[in-house]
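These are the residues of each chain, in order.
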Number of protein chains: 2
Amino acid sequence: MKKYCFGVDVGGTTVKIGLFDKEGNILDKWEIPTRTEHNGSEILPDIAKALEKKMEEKGLKKEDMVGVGIGAPGPIDKEGTVYEAVNLGWSVFSIRDTLKALCGMPVRAGNDANVAALGEMWKGGGQGYLNLVLVTLGTGVGGGIIVNGEILNGATGAGGEIGHIHIQDGEEDACGCGNHGCLEQYASATGIVRLAGRILGATDEDSVLRQGEVSAKAVFDAVKAGDAVAIRIAEAFGEYLGKGLAAIAGVVNPEAFVIGGGVSKAGNILFDFIEKNYKKYVFHGSKDAKFELATLGNDAGICGAAKLILE
Amino acid sequence: MKKYCFGVDVGGTTVKIGLFDKEGNILDKWEIPTRTEHNGSEILPDIAKALEKKMEEKGLKKEDMVGVGIGAPGPIDKEGTVYEAVNLGWSVFSIRDTLKALCGMPVRAGNDANVAALGEMWKGGGQGYLNLVLVTLGTGVGGGIIVNGEILNGATGAGGEIGHIHIQDGEEDACGCGNHGCLEQYASATGIVRLAGRILGATDEDSVLRQGEVSAKAVFDAVKAGDAVAIRIAEAFGEYLGKGLAAIAGVVNPEAFVIGGGVSKAGNILFDFIEKNYKKYVFHGSKDAKFELATLGNDAGICGAAKLILE
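Computed from a predicted structure; not experimentally measured.

Visitor: I tried to follow the environment of Asp206(A) on my own but got confused; where do I start?
Guide: Residue and element names in this part refer to chain A. Looking at the secondary structure, you find aspartate 206 in the loop between helix H6 (189-201) and helix H7 (216-224). According to the relative accessible area criterion, aspartate 206 is exposed, its value standing at 66%. Considered as a pair, aspartate 206 and aspartate 227 are 21 residues apart in the sequence and their alpha carbons are 8.8 Å apart.

Spelled out as structure tokens, the structure:
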């Protein structure tokens, strides 16, 4: 009887792998290096070998396994075709068919941010919701959208690429994507540091942020300590992000936003800055969306990947 | 054998009804008045009577009918519950269950704009696409989103309410929804007239628009005649709408935008103003989305409603 599955989360430096039972309990998890040489051609064979080894170790047979779910960075459609994953060296090919041929088990593949959203819905901060948006505030701003319990992949796997929604006219700095004024430029960890630099530079006012290196964490620590300049930085962040999430709600009308990524470690205080701005800009039909913190951290990817294959 | 169905489109003044075969051919269509008195309690009984009468006239039995699809203005979830339809006097109730009890046939209900999007996908400008956004540029800006061939209703039926995405900071005029700077304030027929008033008021330059009443039609007629001021108005319209559609693409990554509503009668010239701005603001993963004109006009609602029940 098929009782177990693997959830795989391919990152730029390591591949995280989890062995799950069908209820979503993590029975084992480990990492292998991501070998990006030769256009990433070793990555899927390395994963297949790691799975085989783990099955031997645990005395599991293919008949025991539902299959393998896998998330990777880049646009991946619902058939499991990746269109390009620059970080991994991958161009266009079917992750699903390739990994299936290598490991002899059913495979489903998806974009890593979308898959993480599925994980948070299943076992994390999004439990109880079937329509949610995971907003990952890290180096960049990533997103994953779940509609009626399923990933919204979009036509070419670029669904939920919310970090590049245009949010500010007249921005002179370019975003990593080449555009100007993307949400990511203000609401990511990097964006918060940029906002901090601008606001600190425009005033002589005293602030703890003038001591040491400014980071997103330092900003929110200072907010918690009541630092007036840090509060203004957080207000600017909240205005941009609240406005961006309101636009997203105008499209998909989610039950909840689940906030993850490094910046979310600041905790519930984030919502003080995001929610009031969200309510200011959003269409009344979406005013009651809930705000939750992601809870799975680095396990969101493997959990979501497991859910993908169990569906 | 079940060979036919009804598609019903409830508007504020008339209810449009079509009798369809399963291939989507319109065998008959007609209208009845929308009686909004008594909180709209007569509307569904009137529809049920109209359907019964038509079936008698055509010699059709319930066994011949797949059922009834119905679209109405207001947030309606995928179970067919309407949350409030101000124009009709309706508060919260199940359209599906109520109409089913009245007419004795299966019923599916949806928001009118979403249902129209389904109609354009099936028989109109969106044929061949399974992921599209219908953008209706009329008195307001409406929207309907189709993902993998199905309507995106959203958590509370407010999916696709794209007219109220915040697009301009600092706007002093209020939108009908109470917010300031909504897409609808610049890209609807009314919005275009407002933009025209601002641009005409800011210059003494000669323009055919200074003769007679300014309307969206007059603006695009003047654009076609090469009027420089009208072209600037159309550029402003295109900048707002292109930016708004780029934000939508950042969320759902559609294959195509289908442009309908009264403003779309201007034709392909609209795309000259929308597409270049869309490409300027959109994330590269959605750059290749197609732009199409809606073709069903007033029949989009009944066609989509028929498709809804045939699915």
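Visitor: What's the story with the pairing of strand S11 (residues 256-260) of chain A in this structure? I'm lost.
Guide: Consecutive side chains along a regular strand alternate between the two faces of the sheet. All names here are of chain A. Among the five residues in S11, five count as buried, and that is most of the element. Burial of the side chains of S11 extends over both faces: Ala256, Val258 and Gly260 are buried on one face and Phe257 and Ile259 on the other. Where strand S8 (residues 132-137) and S11 come together, five bridges link them in parallel fashion. Bridge pairing in S11 places valine 133 opposite phenylalanine 257.

Visitor: Is there a simple way to explain the side chain of Ser286(B) in this structure?
Guide: By the secondary structure assignment, Ser286(B) is in the loop between helix H9 (269-281) and strand S12 (290-293). For Ser286(B), a relative accessible area of 2% corresponds to the buried category. Side-chain polar atoms of Ser286(B) contact the backbone oxygen of Ala249(B), separated by 3.5 Å. In this view, Ser286(B) contacts Ala158(A), Ala249(B), Asn253(B) and Tyr278(B); residues no more than four positions away in its chain are not counted.

Visitor: Where do I start with helix H8 (residues 228-252) of chain B in this structure?
Guide: Structural remark: α-helix, 3.6 residues per turn; residues separated by three or four positions point the same way. All names here are of chain B. Over its 25 residues, H8 runs 35 Å from end to end, which matches the ideal 36 Å to within 8%, given 1.5 Å per residue. Counting buried residues in H8 gives 20 out of 25 residues, a clear majority hidden from the surface. A side-chain oxygen of the first residue of H8 lies 3.2 Å from the backbone nitrogen of valine 229; this N-cap is aspartate 227. Backbone geometry just after H8 places asparagine 253 at a positive phi near 50°.

What counts and how
Residues numbered from 1 in each chain as written. Chains lettered and ligands numbered in written order. Predicted model: local features only at pLDDT ≥ 70, side-chain atom pairs only at ≥ 80, totals over all residues. Heavy atoms only, no water. Helix = DSSP H or I, 4+ residues; strand = E, 2+ residues; numbered from the N terminus. Buried < 20%, exposed > 50% of the residue type's maximum accessible area, 1.4 Å probe, protein only. Pairing = 2+ DSSP bridges. Polar contact = N/O pair within 3.5 Å; in protein donor to acceptor, adjacent residues only side chain to side chain. Contact = heavy atoms within 4.5 Å. Expected span 1.5 Å × (residues − 1).

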